[in-house]
Every structure is written in structure tokens, then in C-alpha cells.
Amino acid sequence: HGIVHRDIKPENILLHGGHAQVADFGIALAASRSEGGTRMTETGMSLGTPHYMSPEQSMGEREITPKADIYALGCVLYEMLTAEPPFTGATAQAIIARVMTEEPRSLTLQRRTVPAHVEAAVRVALQKLPADRFATAAEFSAALGNPAFSTASAAPTGAAAGSPARGGRRWVGRATLIVSWVVALAAVGLYARERMRPLPAPAPIGRFALRLTPDVVTTVTGQAIALSPDGSRIVYVAAGTNGNQLYMRTLGQVNPVPIPGTGNAVSPFFSADGQNLAFVTGTKLVKVAVGGGPTLPVADVGNAFRGGAWNERDTILFSDERGLHIVPAAGGPPTSVLAPDSGSRETYRWPDFLPGGHTALVAVNDGSVDRLAAFTLDTRALKRFAVIGSNPHYVSRGYVTLAMMDSGTGTVGSGTLVTMPFDARRLAVLGASVPVAESVQVGVNSRTAKLGVSRDGAIAFASGAVGLSTLVAIGRDGTTRDLGTQPRFYATPRLSPDGKRVAVTVVDAGADVWVYDLAAKTLTRLTFDRTGSRPMWTPDGRRVVYERRGNGSEDLAWIPADGSAPAESLVVAPDDQATGDFTPDGRTMVIREQSSGGKRRVSFVALDSARVPHPLVASAFENFSPSLSPDGRWMAYVSDEQGRNEVYVRPFPGPGGRWQISKEGGNEPRWSRSGREIFFRGGTGMMVAAVQSGATFAPGEVRDLFRSTLAGGISYQSYDVTRDGQSFIMVQPLRANDQSVVVLLNWFESLPARSR
């Protein structure tokens, strides 16, 4: 193609589809059609990699021909056969001196199985003079495939390829001495020139979109994308054969590959050396080697994992609803290192270690916004900064990146990535923030940005807004029917008792409960306090109960379904409350409760008395998502008492034993109106368990209904079942056409390096 590459080396030869492809034409030049080439640079400086540079390129000659690439290709083949280039040295000058004065060691002496014609072809490619090399790569290739090829058959006329003429040995000795002095002088000249020349311009910012298949699951709560510390690998959460699964793609690959043993995985993060990967599955923090191997347990982290980081000291720092904890990467019981004050609603999210592994950046949430802070392991000190933003990442040039949720733009689930100078030694913010990228996907409720940042500043993020969705009805066979709603951010739909309306959470700048009329296809706002979510109907359909969030706490309120009166507080209790279900007569309600730093529990509330919760299922484990049978005799719920979430049934209100319904994990149980089936999420989609209920209870067969990657609630039911039990009302996220994973390279190169 008439191009002199000038930097042929193993790193620039990629393999794809069984073929080799030459990459990185950053210092390539157009060659003339004649044997002559073109000037290397305006200053005559040599460019390339010393191990693979031809003698003429090493000496900085101004005329470089395609035969320089033939020489470099000979070096690559030599290294493929012997595991090292033909000439090595401690410095670039030492390598160049050997290139100019020595012959490469024989291939057959190092590896007897190398055929003689292959060694002969390599020797021709590595000749000092360009005229003695192959004219084209095609000639080189033909020689490698010709068992009869020898250096004699390739030798040109003259002494260059043969033995020296009379007196030649004495001339060669003098030439070697002269060349050694020339190399030394050239090295001094090159060094001086390098010291005096202006600094090179920063590398251009690279921005490109990756179409990852399967797609990134952006509906998960938690981190969905991670970049290795050197920026060479992207790991992300996608829909696999066993629920969510981790996939990995290097920048040199085209197709991502699944990571074995990562079923039901969320929140991946790399070790400091990039050789291992940690992630959460169920309630367990586990790890796996990037190159493959068994999945090994690290620690039990419960159901509210909020990010982890792995430092150079092989210690993992992670956060959950109880605070910050450390655990050896080798595994063991976690140690609490920072807990919120008693009665505080403060939480800590998404730690990221600074260099050295003694201090980590964290986002501190006060119940409404995230702010930057730094936590030092040795002193247990938390230093706060007056900087709003989540998902902090430190970049080695002396900057910290933060994700900021967009507000007032009408775009839900979208944020901006910003950066600001940061002194990692003094733990000080040194300047104002600067925007890096817009349209970064950010979870509306979790404030978790779907992005990864490498230590050297490479960035990968899911672009576009998340959350825009519609309501759909999905049949038992998986067929989908749109219900005619306009794209909004919908969550937790609940059918009215008569099946004609859907109460649903709608999120924009805040959250409120709306009611959708299925026949009229009208959406009417019901609450206006901007903190309402997760509605449920009273059995008579006259009221809607919902959760309110304020000042870091959650309580329950109810409001007439026609909006004829304002909302009223429903339950009197100091702990957080979440909606659950009603008994058929509407006089008793089961709810989920949780005290600050405690485990979730299932309680019941009698509405015709003081409305005080009474614990029903409370233990050292997480218990949540209650659902009552149509006759009110039995309660399905979720517990992690076996180390992962499973669906159980017990008598309501008790006493009595319990039956396990799900077999390999389960969440979000819902009874059919007939009482003969329990639906739940498990594995990769919706499942159903046949049951016998009434005066007695007996579990039956469990089977898959349909595969679904639609968002699940885990700790609450995110769908509802129609009266006939044949369809499910669900939220279907919408994907914009331009939604993809965007990779940014060299963005920080244009910024000055700061104190680190």
C-alpha cells in the first residue's frame, strides 16, 4: 500500500479471525514508488522501538525505505522463535550499538528444530545494509515457505553477503571501531537534541463507542462497568445463562467473552495489579483470577453492598448499610472500620483507593446527596469535602473524577462526569471541577454511575439516559403487549383490585405515585410530595398506600385513590417502613421494617388499633418482600438464612413451620388470585411454583415461565399479576438508538500533572 510503518513490533501486530493485522500507524510515512523513501522527521530524529529498528533507522538517517519494515519483521520472527529479539541491552544506546556492530546469534544453535531455510530467510531479513535484504515482504514470505532457500540463493553480487576480500578482515575491524564511535557520538547528539527540543504535543483525545454484545445491564443496582488499573480490560454486567453474568473485553478483542463462575454477579472491581476480579453474587463477596480459575469466597456482605476497592496490600475495603469494612483478599470475617453515628442516616458508597492503599475516596450520602470524602485506614479518620458527586475515582496525574446527576434538564437517569485537581498526599481539592463527559448513565435511586475509570485516566461509561420505560403486559409464554403508556421513568406497578387501574411510581426530579387507567389510557398524578414510591391498594380499591422518604427515613402514608383528600401518615413507628400486602378484609397489613444498621424484618400492623408494627419474622438474617395468600392464611416472603435469597411460605400470622419454595435463589414472590400458584423471580426470569393452600399448605413443582432481563426489585416486588394469573404487569426499559459504551482515552493528557 506504499506505507513505511517504522514501528513493526509484536505489540503492533494483532490477531483477529485467524489473520494478523498491523496496527498503530502513529509514526508511519508514505513511501515513494522508487527505492528511495522520505525524510523521517523535520529534525532527523529516529523514531521507533530500539529492539526492532533497522540500522539505518537507529542511526537517524533521513531516507527510510520499506526495507526498514522488512528488518523489523525479521526481528519479530526471530523473537517468536527464540523468545527474545536478536539484540538486547540495558539501554537504547546499548541496543543500537549491538545492532550496528554485531551479528544475531544463530537460530539453530538456540533451537535445533528451526529449519535451515527459515534461519537463512531470517538472516537475509536482518542484513545490515538495506540492499542485502528482501525487496518485499512477499519475497520474505516465499523464502519462509521454500525448503530449498539458502543465503547463497539470496546473495547479491559483491562481498556484502559472502566472505570478505583480501584485507577485508582488517577493514571490518577498523569499521567496527569507527561505527562504535559514531554510535556513541550519535547517542550524545540525540540526547542533547531531546533535551533541547520542545515538549511533544499531548496525544489526541480518543473517543469511540463500543457495541458490546450482550448489552450492559444498566438496570442493576450497583456498579455495572469496571476498568482494569491499566485500562486494557473492560468488565461489565450482562444478561447471561444464569441471571446477570460478567463479561470481559480487552481493547484488542472484538467480541467480549463470559467469565466462568460469575453467575448472578454485580458490582465488579479489579485488584490493584489487575490480575484478579472481585464481585458480589447474592450476599457473598467472591473473587476470580482474570486469566481463569475457580471462584473463591472472600466474605459475607449482606444484601446492601455499595461498592468495594482492592489495594496493593491485598486488602479489600467495602461498604454496605452498616458502614465501611475491611477484609483480607484471601478471605475471612470482615472488620468494621467506620460506622455512622447512632440515629444517623448517613451511608458510605463506592470506595476507591489512592496510591499506596492507605486512604480511599468515598461518597458520603446524607439521605439526599452524595459528597466526596477520604477515609484513612490507619487512623480511621474521615475527611469530608464540600464537593457534591458520587462514584469517586482517582487518576494518577493528580485528579479525582465524580459523577453528578443531571437535574432540571428533563432527562432522567443521566449525569455528567467531572474532574478536579486533587492532592493525594495532603488530601486536598486544589481547584474547581471541569466537565469530562455528558450523558453518563446514573441510577435514579442509587446515584450509581455506570462507568469505570482506570488509574491512568482511561474511561468507559454507558451513555444515554437510563430509566425511560413503558408499562407492558407479559404473558406466561413471554409474549409482550404494550399498555400504551408514554415513555417515563416507571417503577413498581400495582394493579387495583378490579384490575382496571395501575398505581405506579413515576420518577423525574423526585418521585410520586400516579394512577394509569388501562381502558382510557390516561395517567393521573396522585401524590405531590416528591418522595412517594412503591404503592399498593387497599382491598376495597379506595385508597393507595405508599412509601415516603424524607430526612433519610422512610415511612408509610395513604391517600384516597381519587385524590379527593391529602395523604395521611399510616403507621406510627421509629424505624423505616416499606409496603407489603393486606389481609382480604383490609384490617391488617404486613410490611417490611428496618432499624438503622439492623436487619430487615417482616412485621404486621392492625389498622383498627394504634397502628403499631409487631415483628412477625425477625432474626439474624434479612427477611423481606411479604405477600399474603388470597385467603390471608399463608405468607410468602424472602430470607437469606441459607446464604442467598430464597422464597419461603409460613402460616399467617402463625405459629407454625415454614416451607422453602425456590430451589436456586428467588425474589419478589406474588400469589395468584386462585391461591394455587406462587410466582417469583429466579435464575434468568419468571418462575412459578404450584402449591396447595387453604387449611393446609403443600409445595409443588417449580418451573420456568419465561426469560426476562427486565429490572427486578429484589427487596420489593417490581411487578404485579393480573386477576386471571395469565399476565404480568412489568416495566420495560427503553433503549435509545445511540446507547452504547463510550471509551475515552488520553483525556487527562491535556491537563497539567499535579502533586500526587
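The shown structure was predicted, so the numbers you read here are calculated from the model rather than taken from an experiment.

The rules behind the values
- Residues numbered from 1 in each chain as written.
- Predicted model: local features only at pLDDT ≥ 70, side-chain atom pairs only at ≥ 80, totals over all residues.
- Heavy atoms only, no water.
- Helix = DSSP H or I, 4+ residues; strand = E, 2+ residues; numbered from the N terminus.
- Buried < 20%, exposed > 50% of the residue type's maximum accessible area, 1.4 Å probe, protein only.
- Contact = heavy atoms within 4.5 Å.
- Axes fitted to C-alpha atoms, helices over the stretch in contact; angles between N-to-C directions.
- Parallel < 35°, antiparallel > 145°, perpendicular 65-115°, else oblique.
- Left-handed = near helix turned anticlockwise from the far one by under 90°.
- Nonpolar A, V, L, I, M, F, W, Y, C, P; charged D, E, K, R; others polar.
- Pairing = 2+ DSSP bridges.
- Salt bridge = Lys/Arg side-chain N within 4 Å of Asp/Glu carboxyl O.
- pLDDT = per-residue confidence, 0-100.
- Phe/Tyr/Trp six-rings, centres within 6.5 Å; stacked < 30°, edge-to-face > 60°.

1. Points about the overall build of the protein chain
Item 1. Helix and strand counts for the protein chain stand at eight helices and 53 strands.
Item 2. The proportion of buried residues among the 756 residues of the protein chain is 50%.
Item 3. Within the protein chain, residue pairs in contact and separated by at least 24 positions form 46% of the contacts whose partners lie at least 6 positions apart.

2. Side note on the packing of helix H2 (residues 67-82) against helix H5 (residues 116-125)
Item 1. It is the contact of H2 with H5, at a shortest axis distance of 8 Å, that shows an interaxial angle of 140 degrees. As summarised for this structure, H2 and H5 are arranged oblique, according to the angle between their axes. For H2 against H5, the interelement crossing comes out left-handed. Contacts between H2 and H5 involve Ile70, Tyr71, Gly74, Leu77, Tyr78 and Leu81 on the former and, on the latter, Val118, Val122 and Ala125.
Item 2. Partitioned by chemical class, the residues of the contact of H2 with H5 number eight nonpolar, one polar and no charged.

3. Remarks on the sheet that holds strand E20 (residues 370-376)
Item 1. If you trace the four strands from one edge of the open sheet to the other, you get E18-E19-E20-E21, paired in antiparallel fashion. Sheet topology places strand E18 (347-353) and strand E21 (381-388) at the edges, where each strand pairs with a single neighbour. Going from strand to strand, the sheet's axes swing by 30 degrees on average, the running direction of each strand aside.
Item 2. Both strand E19 (residues 359-365) and E20 contribute to a ladder of seven bridges, which runs antiparallel. For asparagine 365, the partnering residue across the bridge sits in E20 and is aspartate 370.

4. Quick word on the pattern of salt bridges
Item 1. Per the counting criterion, the structure on display carries 25 salt bridges.
Item 2. For arginine 384, the salt bridge identified is with glutamate 346, shortest N-O distance 2.9 Å. Of this pair, arginine 384 sits in strand E21 while glutamate 346 sits in the loop between strand E17 (335-338) and E18, and the two are 38 residues apart along the sequence.
Item 3. Given a relative accessible area of 49%, arginine 384 falls into the partly exposed group.
Item 4. Measuring nitrogen to oxygen at the nearest pair gives 3.0 Å for the salt bridge that ties aspartate 608 to arginine 587. One end of the pair, aspartate 608, is in the loop between strand E41 (601-606) and strand E42 (614-617); the other, arginine 587, is in the loop between strand E39 (576-582) and strand E40 (588-594), and 21 residues separate them in sequence.
Item 5. We classify aspartate 608 as exposed; its relative accessible area is 52%.
Item 6. Taken together, the shared-partner salt bridges connect Asp512, Arg525 and Arg530 into one network.

5. Notes on the side chain of serine 533
Item 1. Looking at the element boundaries, serine 533 is found in strand E35 (residues 532-537).
Item 2. Take serine 533: its relative accessible area is 11%, and that puts it in the buried class.
Item 3. Ignoring anything within four residues of it in the chain, the contact list for serine 533 reads Thr505, Val513, Tyr546 and Glu547.

6. Details of the confidence of the model for the protein chain
Item 1. Here the protein chain averages 83 in pLDDT, and 83% of its residues register 70 or above.
Item 2. Below pLDDT 50 for its whole length, residues 32-46 participates in 38 contacts with residues either more than four positions away or in separate chains.
Item 3. Per-residue pLDDT stays below 50 along residues 156-185; that stretch engages in 16 contacts with residues further than four places along the chain or on separate chains.

7. Some words on the packing of aromatic side chains
Item 1. Inspection of the entire model under this criterion finds 16 aromatic pairs.
Item 2. Look at phenylalanine 134 and phenylalanine 140: their rings are 5.2 Å apart centre to centre, the planes differ by 15 degrees, and that puts the pair in the stacked class. One exposure class covers both phenylalanine 134 and phenylalanine 140, and it is buried.
Item 3. A ring pair is formed by phenylalanine 604 and phenylalanine 652, whose centres lie 6.5 Å apart and whose planes are at 90 degrees; its orientation type is edge-to-face. Taken as a pair, phenylalanine 604 in strand E41 and phenylalanine 652 in the loop between strand E45 (646-651) and strand E46 (659-660) lie far apart in primary sequence, 48 residues in all.
Item 4. Linked through ring pairs, Trp634, Trp659, Trp671 and Phe697 together constitute an aromatic cluster.

8. Structural notes on the sheet that holds strand E53 (residues 741-745)
Item 1. Spatial strand order, E5-E53-E28-E27: four strands in an open sheet with antiparallel pairing. With one partner strand each, in any of the chains shown, strand E5 (206-210) and strand E27 (451-453) form the two edges of the open sheet. Here the average twist between neighbouring strands, direction ignored, is 15 degrees.
Item 2. Here E27 runs beside strand E28 (residues 459-462); their pairing, made up of three bridges, is antiparallel. Residue glycine 452 lies in a different strand from E28, and its bridge partner there is alanine 460.

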